[in-house]
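These are the residues of each chain, in order.
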Amino acid sequence: MRTRAPAVIGLLAVASLGLGSCADLGGLDLSAVGDEGKTTYIKLALNQAETHPSYIALNNLSERFEEETDGRWKIEVFPNEQLGSQQEVLQFVKSGAIEMAIVSGTQLENMNKDFQVLNMPTTFTSIDHQMSVIRDQDLMEPLFQSLADSDNISVIGGFTQGTRNLYTSDTPVVTPADLAGKKIRVQESAMHIRMIQLMGGSATPLSYGEVYTAMQSGVLDGAENNEVSYVTQNHFEVAPFHSDTAHLVGLDYMVMREDLLQAMDDADRELFLKEWDRAMTEHTELWTTETDAAIERAKAAGTEFVQVDRDAFDAALAPIRDEFLTNDFQRNLYDAVRAADTEGAAS
Ligand code: GCU
């Protein structure tokens, strides 16, 4: 089990780790980023462990970018919520206290509800479908740039969260009725609270780093996540019943300070975006092998993989679309994403 620095320590860490010109929480001196003869340090917050595909892909991105700019840029990846929970670090990027973060789409929907479209159970049917949508710049541009002016946040792409399933500590879940009275952790999202309610459970929003202890102590009866998180967060130790609800193909985003992106010179920005694109590819490739490895690890540790009544869960979730697609932009985006699903097969 691990602990994480509470928010206030996260903030102090930001202040003291902020090398370069970051003596206060004001962050970088944007007039001199990437200059010859010095190193510009970029703080990137992640809530995953070092064994998670996101950490591996980001670390490799960091090494390539540093090498290709002869050390003028150094992206420092801080794993394990060292800089704070996703909710906290998103605010730090907004205020300029840190430069980049990986956050779940559920965090962005709290800034702009239109992001809900891509966090909805029925939106993506496979990782391939999801990644092809995320790489469609024309389709994504209005959403990705929607926070640039209001919040100084630029979304530059995404990492898949893979397929999310439900897991519980005491008894297996096969049908929605099995979830009655069970307290299930969800991300901090109105839509995901509703998702668990429709699936039959009682939803408890909580930050990622607190889930293990809450399940261990019995405050929660379960959670929902992908197999990689189930294993890298050690949730399998305290929730040994894994039900293949496959209710959602989730998405993380890379967010960065919009003013930093603009302050980079054109060649550096282009190089960074190219290397980020490679990181997305590497992450997607790693995802499959790491998911398989996670399932094997959990099985070896005694997890019971339970087959659910998928039709019953799908039917229970059906109303979510009408409840959460509330304006034309959202409905049009949803339709465009669904139309891009050429295979229509679950991953
Ligand atoms: C996944 C996802 C994270 C998210 C987490 C959660 O692990 O990649 O970004 O924070 O789920 O459930 O909170």
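Scroll up for the structure.
Residue indices follow the written sequence of each chain, beginning from 1 at its first position. Thresholds applied to this predicted model are a pLDDT of at least 70 for local features of residues and 80 or more for the giving and counting of side-chain atom pairs; totals over whole chains, interfaces and linings are not thresholded and use all residues. Processing note: side-chain calculations cover all non-hydrogen atoms of the structure and skip hydrogens and water entirely.

Visitor: Help me out: how do you make sense of empty space enclosed by the protein in this one?
Guide: A water-sized probe, rolled over the atoms, reveals where empty space remains. Any residue with an atom within 4 Å of a point lines the site, the site being either a cavity, points on a 1 Å grid over the protein atoms alone where a 1.4 Å probe fits but cannot get out, or a pocket, an open set with protein on both sides within 12 Å along at least 5 of 7 lines. Grid points are joined across faces, edges and corners, and a volume is the space filled by probe spheres set on the points. Applying the stated criterion across every chain, the model contains two cavities of 30 Å³ or more. Put simply, the largest cavity is a space of about 200 Å³. For the largest cavity, the lining is made up of 24 residues, of which Asn47, Gln86, Ser104, Gln187 and Tyr208 are closest to its centre. Runs of H or I in DSSP of at least four residues are treated as helices and runs of E of at least two as strands, each being numbered from the N terminus. The element best represented in the lining of the largest cavity is strand 4 (residues 153–168), accounting for three residues. Approximately 40 Å³ is the volume found for the second largest cavity. Along the walls of the second largest cavity sit Ser104, Gly105, Thr106, Asn119, Gln161, Gln187, His192, Leu248, Gly250 and Leu251, which together make up its complete lining. Elements that contribute at least two residues to the lining of the second largest cavity include exactly helix 4 (105–109) and strand 8 (241–257). Here the lining of the second largest cavity gets three residues from one element, more than from any other, and that element is strand 8. Any residue that is not Ala, Val, Leu, Ile, Met, Phe, Trp, Tyr, Cys, Pro, Asp, Glu, Lys or Arg is counted as polar, Gly included; the first ten are nonpolar and the last four charged. Across the lining of the second largest cavity, the residue classes break down as two nonpolar, eight polar and no charged.

Visitor: Looking at this structure, how should I read the pattern of salt bridges?
Guide: Where side chains of opposite charge bring their charged atoms close, a pairing between them can arise. In what follows, salt bridge is the name for a side-chain nitrogen of Lys or Arg lying within 4 Å of a carboxyl oxygen of Asp or Glu. Using the criterion set out here, one finds 15 salt bridges in the structure. Close ionic contact of Asp151 with Lys94 constitutes a salt bridge, the shortest N to O distance being 2.8 Å. Of this pair, Asp151 sits in helix 7 (residues 148–151) while Lys94 sits in helix 3 (residues 86–95), and the two are 57 residues apart along the sequence. Linking Arg338 and Asp341 is a salt bridge whose minimum nitrogen-to-oxygen distance equals 3.0 Å.

The quantities given are spatial measurements derived from coordinates; they are silent on function.
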